[in-house]
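# Survey of secondary and tertiary structure
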Amino acid sequence: PDELRHCIFKQGQNKILLNNEKTDNKYEMMFDHVFDENDNQEVIYNAFGEKLLKDIFRGYNGTIMAYGQTGSGKTYTMFGKSLLENQRIVDTDNYVKEKGIVQRAVKQIFEYKNQNKDRKDVSISVSFMQIYLNQITDLLVEKSDVVFTANKQKFRLGKESKNLSIENSLKIGHNKEGKVIVKDLSVRDVNQENELLLLIENGITFRKTAETIMNKISSRSHAILQITVKQMWKERIKNNSNGETVENLHKIRGVLTIVDLAGSESVSRTGSEGINQDEAKEINKSISALGRVIESLSRHSQYLDMKCLNEKNSEITRNNFGSKVYVSYRD
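Residues numbered from 1 in each chain as written. Predicted model: local features only at pLDDT ≥ 70, side-chain atom pairs only at ≥ 80, totals over all residues. Heavy atoms only, no water.

Moving on: the layout of surface pockets. Size it by volume and the largest pocket reaches roughly 2,000 Å³. Lining of the largest pocket is provided by 43 residues; of these, Met 129, Ile 172, Val 180, Val 182 and Ile 224 occupy positions nearest its centre. Counting residues per element, the ones that place at least two in the lining of the largest pocket are β4 (62-66), β5 (121-132), β6 (135-138), β9 (172-174), β10 (180-182), β14 (222-238), β15 (245-260) and α7 (275-299). Its residues placed into classes, the lining of the largest pocket shows 20 nonpolar, 15 polar and 8 charged. Looking at the second largest pocket, its volume works out to about 1,500 Å³. In terms of lining, the second largest pocket is formed by 33 residues, of which the most central are His 33, Val 34, Phe 35, Asp 36 and Tyr 67. The set of elements that each furnish at least two residues to the lining of the second largest pocket consists of β1 (8-11), β2 (15-20), α1 (41-57), β4 and α2 (74-84). A class-by-class count of the residues in the lining of the second largest pocket yields 19 nonpolar, 8 polar and 6 charged. (1 Å grid on protein atoms, 1.4 Å probe; cavity = no way out; pocket = protein on both sides within 12 Å on 5 of 7 lines; lining within 4 Å. Points joined across faces, edges and corners; volume = space filled by probe spheres on them. Helix = DSSP H or I, 4+ residues; strand = E, 2+ residues; numbered from the N terminus. Nonpolar A, V, L, I, M, F, W, Y, C, P; charged D, E, K, R; others polar.)

Moving on: the pairing of strand β3 (residues 25-30). Regular strands show a simple pattern: their side chains alternate between the two faces of the sheet. Here β2 pairs with β3 via 6 bridges, running antiparallel. Looking at the pairing, Ile 16 lines up with Met 29 of β3. Connecting β2 to the antiparallel partner β3 that follows it, the hairpin turn spans 4 residues, and Asp 24 within it adopts a positive phi of roughly 65°. (Pairing = 2+ DSSP bridges.)

Structure representation (structure tokens):
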């Protein structure tokens, strides 16, 4: 067999070079930041995680999404070795070094809560769901909602031959404010770091996985973890009109969304058959839909930004773009 060689090279902090030795074609790609095989979990989190969490504490929403082909390490990067192996409280050097984005973010959230406990009321809640076969299921379920087969937990599925429906799947709807929500999705309040990690760890055990040729434990669903940080505090300020001191009540809310997508795959290479093949089709279809949304947002970012500024500018820009501006969120 031919000697294994690199075909992807990192150049600086934000460029990669793709080198096809057979055709002698070279392609350069630019990114905000590029990591390589020498960068560990801590380096990755420090590059963007800490800054994002500071924005969450200021009342903004933020998302971290892992995308890539099956077996590329998305779930490991997100959840780390200790959560995936149910060893969240084991403090060996190996597990500490391999903590994922989730553990590091949770640690930062509770450090912030403890640092501000004397002047702010900081409350934390969590929801955890998966999208499997284009259906949504709650991963923060009670044991009564799950059947046990050969000591392994799994959701109640319909007959795998034709009916691939899930009995306890959830529906998407809208709340009173018109925001998109998942109906009946459980939201748990948490007070301690370990309490939150335990909920996440249990949720991971309910996630749908399967073995393929390319990946021994392949995620067959998209997992979406949301951690909400609500803050409330009082501030005494002087009223400029009469000079009296008044007390203002401040309330802010920030949501951290962690998305671990199932890996895109070629059925011929992974050897998927039966229900695994149906899973692969749904995974690839949903990732293609996501790609179209991102591509459309990127292509029309100028128009979408202008639309938010003022109606006059947006009208001019809309005329320039014509009817081409369309983002297929519904897909």
